[in-house]
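Examination of the molecular architecture
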Amino acid sequence: MFFGKKNKDANGKVKLFFASDLHGSNVCFKKFINSAKFYGADVLVLGGDLTGKAVIPIAEQADGTFITFHHGESVTLKAHGDLDEFIKRCGNLGFYTAVMPESEYVRLKADPDAQSVLFKKLVLERVREWAALAADKLEGTEISLVAIPGNDDFHEIDAILTSAPHFDFYEMQVCKFKGGYQMLYCGGSTPTPWNTEREYSEDQYVARFAELLPQVTDMSRCIFNVHVPPLGTALDTCPKLDRNLQVVYEMGMPVQTHAGSQKLLDVIKQHQPMLGLHGHIHEGRARINIGKTVCINPGSVYPEGILQGALITLQGGTVASASLTQG
Amino acid sequence: MSISDVTVEKRIFLRKASGLIRTASGTDTFIYNLGVVSIGLGVGSMLFYGPAFYPTGNLLWGCLVAGIAMAMISFGFIAWTVTIPRSGGIYVFGSRILPPALALTMSLVEIFAWLFYCAIAAYWIVILALAPMFSALGLLTGNESFLAISTWMLQPWATFLIGAAILILSGVILSFGMRFYLVLNKWVFILAMASTVLLIVVLAMSTREQFVANLNELVGPAMGIADPYNAIIASGKEKGWGEAGTNLWQTLLVSNWAFLPLIGAAFSIAIGGEIKSVEKSQTWGMLGAVVTATVAWIVTIYLALKVFGFEFLGTAAFNFLMADGGLTTPTDPAVTLLTGILTKSPVITILASLGFALWMWMWIPAMHTFGVRAIVAWAFDRVAPAPIAKISETYHTPIVAIVVTAIVNVIFMALFVFSPYFSKIVILIEAAVLAWSVILGAGIFFPYLRPQIYEKSPISNRRIFGLPMMTVACFLGFVGSQFYFWLLFLDPSAAGHDPTQVMIVVGVFVLGLAFYYVMKMIRKSQGVDVTLAFKEIPIE
């Protein structure tokens, strides 16, 4: 059943909504929380990369106005009402804002270490806000929320989310899941050109799966929540980059390559879990089958404030339906 | 990791995170659009149909009018794609403001038109490139087999079979993946551009006298006439071609044939999510393609008219297309045949002809891809059967969607070749232009009806005459698209409005609505509410 809102039966029937790579977008996270009610899901699954990528300084000037940047242009905010609106808009796009005197902006601009400290502070603040929002919205419901970290997520978010109510945050674990299923949690990704927070070589993935797989009691009822997608599939297809991290084009179209994990692909082929949930590659929006395993990457267009996801119904130990959504 | 989320800006602190990369530039976008415009196709169709159907029309002014209107339409689509920078064309735009049934209908109409374009291009490869090439080779070498091949190609079944093979080839290429297609396309584009340059050089270095002398020498003996050039003109006039002077209305109507390929200049809306600095890139990409194609056409057509003569082009095609018993060239008087006669060179004939064929070919996989992307998006939204989105495990391509669209292409080819109802070449384009018009019209009101989305647009703070920039740009686009809808509607040679044709256009819209409601009922029986796919999840 897709989009339906009827009560589920007890025969292992679970409706889950999966999304990934929200990258700090407040509007997408709010939609994610509300999607349970909207789509009638029992479980919300977040596939990592919660945190954003950029801080926009808002520099207060001597005349009381604020100078900042938006869409590549200089923006002058004259009133506090404008300031509040601008901060809200940036938050919805996944940016972090920091109001500061012009002198402080000049100092930070010249000090990468200080920028990193500011970055981390703002990222962790937003993660706390999201955890509080989830607790507020999900309190009193039977809807659960599970999540893993992505390659872009600071390690410091683990402690915040692990202790947050209504936020079941796992990494490198296999846990029970509603309906008598199991979920295998494996965050991070294979190495990227940006050397991000949580990257693991293929050899490390071999070791990681060697640790996780023995914990799975019944692979046919196991859901893989693995941030990186399997290599060489539609789920990990992304633009090829040159040495300067520029997309390689031919005839105006980006040349495509793959950026997933070979080890994950091997594991799925060999062990055939019931379902694979993946993210990481925003362009890799697709649902495929690898043998009997249904694998899904919902993709991400978070800067547009649109939440892409997948609504999946499990029933009787099978994937009864799985559909990509956007809302 | 994404290619389209954040661009490096001043006064912004970035951290080490995946996705901070640039995507398609304005130049990339320009090349993409220009490839779909197909300069060669515009030259071929304008010179073939223009003088024949519109004897008092001015082809050069027609090109200019079409260029201006397409620039206006581009302004509207630039506003749309800047505001919603996602891949997928008008389906993406429509699904954000129109009722679901209407959004899907507009998309279906558009896709039908583009797939019909594929069939037209395959037809033209046979009619305007291959058949004239073999005819010219027959004349130049004296080999009757070439002439026989040319004659055979113009038989309906032969045209259909060759066209269908071309369309199936497009599907095969796409099924191997975009990379394979793009590598192939790179060479096609280079060769097609080279052939256009060759044609311009040949025309620039030639004279009317040279063409007349060669035509009379090569064609005269076969026709048993000493001066076929003037005999064809006289025959055409006798059969009813031509009036004196230049007529504004005919000039506007002939511009339909320039507008037809110019539509490709806005095709980068299909890849909007992959373009960096979207405002600058799309502006340069769309308007650059419009200006370049228009200028190339004006130059080439001016030279062709100088060498071949308007009256000869008009009467030769008129006699070929419409006048029984009228004198004309041994096969259709396409510019490829005439270039072969002009140069008396089999090599240049082959190069020019293949160049035209390649330009026309470029349409086919590009528009085929457009259709594939759209119906996959429908399947994602559950308004089309789920298997359409199935991905080939071997090539990672939507193989079912490719096959379905290839079958539709072949059906259109058959309708085009065998049915008089679909032989009015741009009848479905009329429907697509109307669909564009609806989307552009909706864009006028978008800033007011969807302020929460529009506020994220980089143009949200800009106003023209006190109105949101998108409102003004989409109004211009709406006017441009309406202008061409009515020009096509009132042009019996290009599209027209006889009852059968109107029923075809209306039928496509009705089919779209019926398709949506049937799918909605099917999904409802499965417990699926497809309307949720078009709704925004509440944030409060």
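Residues numbered from 1 in each chain as written. Chains lettered and ligands numbered in written order. Predicted model: local features only at pLDDT ≥ 70, side-chain atom pairs only at ≥ 80, totals over all residues.

Time to look at the overall build of chain A. For chain A, the count of helices and strands is 7 helices and 20 strands. The C-alpha radius of gyration computed for chain A amounts to 21 Å, which stays within 12% of the reference 20 Å derived for 327 residues, consistent with globular compactness. When burial is assessed residue by residue, chain A has 53% of its 327 residues classed as buried. Within chain A, contacts between residues separated by at least 24 positions form 69% of all contacts whose residues are at least 6 apart in sequence. (Helix = DSSP H or I, 4+ residues; strand = E, 2+ residues; numbered from the N terminus. Rg over C-alpha atoms; globule rule 2.2 N^0.38 Å. Buried ≥ 20, exposed ≤ 12 C-beta atoms within 10 Å, placed from the backbone. Contact = placed C-beta atoms within 7 Å.)

With that settled, consider helix 20 (residues 469-489) of chain B. Every α-helix carries 3.6 residues per turn, so stepping three or four residues along brings you back to the same face. In a regular helix each residue adds 1.5 Å, so 21 residues correspond to 30 Å; helix 20 of chain B covers 30 Å between its end C-alpha atoms and thus fits that length. Extensive coverage of helix 20 of chain B is indicated by the burial of 15 of its 21 residues. (Expected span 1.5 Å × (residues − 1).)

Two packed helices can be described by the angle between their axes and the distance between those axes. All names here are of chain B. At a minimum axis distance of 7 Å, the contact between helix 5 (residues 100-141) and helix 6 (residues 144-153) shows a crossing angle of 160°. Looking at the two axes, helix 5 sits roughly antiparallel to helix 6. Note on packing geometry: the crossing formed by helix 5 with helix 6 is left-handed. The segment helix 5 lies against helix 6, with Val 126, Leu 130, Ala 131, Phe 134, Ser 135, Leu 137, Gly 138 and Thr 141 engaging Glu 144, Phe 146, Leu 147, Ile 149, Ser 150 and Met 153. Grouping the constituent residues of the contact of helix 5 with helix 6 by class yields 9 nonpolar, 4 polar and 1 charged. (Axes fitted to C-alpha atoms, helices over the stretch in contact; angles between N-to-C directions. Parallel < 35°, antiparallel > 145°, perpendicular 65-115°, else oblique. Left-handed = near helix turned anticlockwise from the far one by under 90°. Nonpolar A, V, L, I, M, F, W, Y, C, P; charged D, E, K, R; others polar.)

Okay, the pairing of strand 7 (residues 144-147) of chain A next. Residues and elements named next belong to chain A. In terms of strand pairing, strand 2 (residues 43-46) meets strand 7 through 4 bridges, oriented parallel. Each bridged residue has a counterpart across the sheet, and for Leu 46 the counterpart in strand 7 is Ala 147. Relative to strand 8 (residues 168-169), strand 7 is paired through 2 bridges, and the arrangement is parallel. Opposite Ala 147, over in strand 8, you have Phe 169 as the bridge partner. The parallel pair strand 7 and strand 8, bridged by helix 5 (residues 157-162), forms a crossover whose chirality is right-handed. (Pairing = 2+ DSSP bridges. Right-handed = clockwise from strand over helix to strand, strands pointing away.)

Turning our eyes to something else, we now look at the sheet that holds strand 16 (residues 275-277) of chain A. All names here are of chain A. Strands sit in the order 9-10-11-16-18-17 across an open sheet of 6 strands; the sheet is mixed. Of all strands in the sheet, those bounded by a partner on one side alone are strand 9 (173-177) and strand 17 (286-290). Neighbour-to-neighbour, the strand axes of the sheet open up by a mean angle of 20°, direction not taken into account. Inspection of the sheet shows strand 10 (residues 181-186) paired to strand 11 (residues 222-226) by 5 bridges, in the parallel sense. Within strand 11, the position partnered with Gln 182 by the bridge is Cys 222.

With that settled, consider the sheet that holds strand 7 of chain A. Residues and elements named next belong to chain A. Within the open sheet, the 6 strands sit side by side as 8-7-2-1-19-20. Their pairing is mixed. The sheet is open, and its two borders are formed by strand 8 and strand 20 (318-326), each paired with just one other strand. Across 4 bridges, strand 1 (residues 14-19) lies against strand 2 in parallel orientation. When the bridges of strand 2 are listed, Leu 16 appears paired with Val 43.

Residue and element names in this part refer to chain B. With 291 residues, the main nonpolar core has Ile 125, Met 360 and Trp 363 as its most contacted residues. Top contributing element to this core by residue count: helix 5, with 33 residues. In contact with Met 360, other than residues within four places in its own chain, are Ser 38, Gly 40, Leu 41, Ala 121, Trp 124, Ile 125 and Ala 129. (Core = buried A, V, L, I, M, F, W, Y, C linked by C-beta atoms within 7 Å.)

The next thing to look at is unusual backbone geometry. All names here are of chain A. Although it is not a glycine, His 23 sits at a positive phi angle of roughly 45°. Given 29 C-beta atoms within 10 Å, His 23 falls into the buried group. Even without being glycine, Asp 49 reaches a positive phi, approximately 55°. For Asp 49, the position within the fold is in the loop between strand 2 and strand 3 (54-60). Given 34 C-beta atoms within a 10 Å radius, Asp 49 is considered buried.

As a further point, take the confidence of the model for chain B. Close reading of the predicted structure is inappropriate where its pLDDT is low. All names here are of chain B. Of the residues in chain B, 93% reach a pLDDT of 70 or more, and the chain-wide mean stands at 86. The low-confidence segment residues 2-9, where pLDDT is below 50, has 29 contacts with residues more than four positions distant or belonging to other chains. Prediction confidence for the complex, expressed as pTM and ipTM, is 0.75 and 0.78 respectively. (pLDDT = per-residue confidence, 0-100.)

What follows covers the packing of helix 1 (residues 26-37) of chain B against helix 13 (residues 278-308) of chain B. All names here are of chain B. Put simply, helix 1 and helix 13 touch, their axes get as near as 8 Å, and they point 40° apart. Between helix 1 and helix 13, the crossing angle belongs to the class labelled oblique. Of the two possible hands of crossing, helix 1 and helix 13 adopt the one that is right-handed. Each of Gly 26, Thr 29, Phe 30, Tyr 32, Asn 33, Leu 34 and Val 37 in helix 1 lies in contact with helix 13, whose residues at this interface are Lys 280, Ser 281, Gln 282, Trp 284, Gly 285, Met 286, Gly 288, Ala 289, Thr 292 and Ala 293. Looking at the contact of helix 1 with helix 13 residue by residue, the classes come out as 8 nonpolar, 8 polar and 1 charged.

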